[in-house]
Amino acid sequence: MDYDVIIVGASIAGCTAATAYGRAGLRVALVERHRNPQAHKTLCGHFVLGGTHDVLQRLDLWQPMLARGAAVTHSLGVLIGPGTGTGIRTGTTPWAGTGTEWIVPRPDSRIPPAISLRRRKLDPLLREIAGSTPGVDLKPGHRAVGLVEDAGGAVAGVVTTDLGTGRTTTLRARLVVGADGHRSTVAALAGVAEDHAPNERFLFWTYYEGAATNGPGDGQVWRLGQDVAVCIPVDDGLTQVGVFPAKDRLSKFTADRTAAFERFAARLPDGPSLAGARRVSNLIGTTDYPCVRRDPTPRPGLALIGDAATTSDPVPAVGCGWAFRSAAWLADATAETLALGGDLRPALRSYRRAHRFIDKYDDLGRKEALATPPDRLQRAVYAAAVTDPDIARRLAMFAMRAAGPSVLLNPKVMARAFAGARVRGRRRNDSRAPASPSTPHRAPVP
């Protein structure tokens, strides 16, 4: 074999896997179609959730990201608004000034921090780290055009074309990794089935210099019925403001997207102050972002990581984290076996089991992407988190993907949330009921 591993795609997932394999002493071909080392993904929110913090620390990527100016978010305030908690969304006035409450975890909740570094800086950094790792052969300007199979039908290599010279080369390895995004060429060449799910929101964001935040925490999220918005610090002291409206609002963005975006942001309760800020980028976004899922171990000798395996709803900002984590999980599961020349099948099954963490959250994300009004359970949890520190902490751990879904979605937590909802309902009813001489006003139930 020419290499131990061939990785197609030198972005977050591919560079992370290549770095991990190279540090394990393996020979790695990292194939990337872009020649420019500064090439980067544009349509990406680049907010890496706190659940990825341990992986970034373990792979020695956290500090280099900080050195490039990455912003760290320790506390994320979540505002539940009309249509989500106690308020009502109307057709003419999307969000009234009442019925909104902030959920803010206590400072001692030990929620792992998130980090944000724009892809224009992050992608070149990761490519630089991977390319300088001993054992990693970075091949810029090469496109994967075919796969090699062994006598048993297992994937055993990649055919590439040099986009500069047109020369075709066949590379062989025991493991081929598709890290080439949600339109994965590797997956298509391998005939991997795709599971598509709709997304009933669209998204736009931009960056401001000099924006002032008014909500609690280092960053803010607004959950306003079917609509979502975010305000996050990023590198170079900039602030990212993003909106994720339900598609029934898409017509309002057709004539003038920038004006519609600014109107949307201006109506956010406790939203950022942008009057004196300077917008430093064009509006970035798309009117459709479908969810795509593939088997991460679809064939012997082949694994998929990052968006090639799972392209999730962008609203919960899981994409970059899944790319880092799936790459690390694959390397953890297979590096030793590759080094020792062992049977890869059990190692790939181990990676598949680790990937179920993503699958469970993606199932929930696909439901969230339908942009339906929050159900009774969601409303109870949001409302309980306003006053219950433990549920607020669990909701933050869930949102940061720092633990499995059961950290929040378990019978005991649900029972507490519904019990709190009943108490709050009785308090509201008691506060509205007029007192009379024959029926003394009763104090709210504590």
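Let me sum up the structure you'll find in this document. Values in this document were obtained by computation on a predicted structure and should not be read as measured data. (Residues numbered from 1 in each chain as written. Predicted model: local features only at pLDDT ≥ 70, side-chain atom pairs only at ≥ 80, totals over all residues. Heavy atoms only, no water.)

## Section: helix α10 (residues 389-399)
The set of residues buried in α10 consists of Ile 391, Ala 392, Leu 395, Ala 396, Met 397 and Phe 398. Measuring from the backbone nitrogen of Asp 390 back to the side-chain oxygen at the start of α10 gives 3.0 Å, which picks out Asp 388 as the cap. (Buried < 20%, exposed > 50% of the residue type's maximum accessible area, 1.4 Å probe, protein only. Helix = DSSP H or I, 4+ residues; strand = E, 2+ residues; numbered from the N terminus. Polar contact = N/O pair within 3.5 Å; in protein donor to acceptor, adjacent residues only side chain to side chain.)

## Side note on the sheet that holds strand β19 (residues 291-293)
Taken together, the three strands give an open sheet; going across it, the order is β12-β19-β21, and neighbouring strands pair in antiparallel fashion. Lying at the two open borders of the sheet, with one neighbouring strand each, are β12 (195-197) and β21 (310-311). The pairing of β12 with β19 spans three bridges and is antiparallel. Along β19, the bridge assignment pairs Ala 197 with Cys 291. Those strands touched by helix α8 (residues 344-368) are β12, β19 and β21, and its axis lies near 150° from that of β19. (Pairing = 2+ DSSP bridges. Contact = heavy atoms within 4.5 Å. Axes fitted to C-alpha atoms, helices over the stretch in contact; angles between N-to-C directions.)

## Regarding the state of the cysteines
Under the criterion given, the structure shown has zero disulfides. Sulfur of Cys 15: no disulfide; nearest cysteine sulfur belongs to Cys 320 and is 13 Å away. (Disulfide = S-S within 2.5 Å.)

## Considering the side chain of Thr 310
The residue Thr 310 is located in strand β21 in this model. Residue classification places Thr 310 among the buried positions, given a relative accessible area of 2%. Beyond its immediate chain neighbours, meaning those up to four positions away, Thr 310 contacts Val 292, Arg 293, His 355, Ile 358, Asp 359 and Asp 362.

## Details of the packing of aromatic side chains
A full pass over the atoms with the stated rule returns nine aromatic pairs. When the centroid spacing of 6.0 Å and the interplanar angle of 10° are considered together, the rings of Phe 204 and Phe 253 count as stacked. With Phe 204 in strand β13 (residues 203-209) and Phe 253 in the loop between β16 (239-244) and α6 (257-266), the pair connects residues that are 49 residues apart, well separated along the chain. As far as burial versus exposure is concerned, Phe 204 and Phe 253 are alike and both buried. Centre to centre, the rings of Trp 322 and Phe 357 are 6.0 Å apart; their planes meet at 85°, and the pair counts as edge-to-face. Residue Trp 322 is located in helix α7 (residues 319-340), and its partner Phe 357 is located in helix α8; the two are separated by 35 residues in the primary sequence. Taking the relative accessible area as the measure of exposure, Trp 322 reaches 4% and is therefore buried. (Phe/Tyr/Trp six-rings, centres within 6.5 Å; stacked < 30°, edge-to-face > 60°.)

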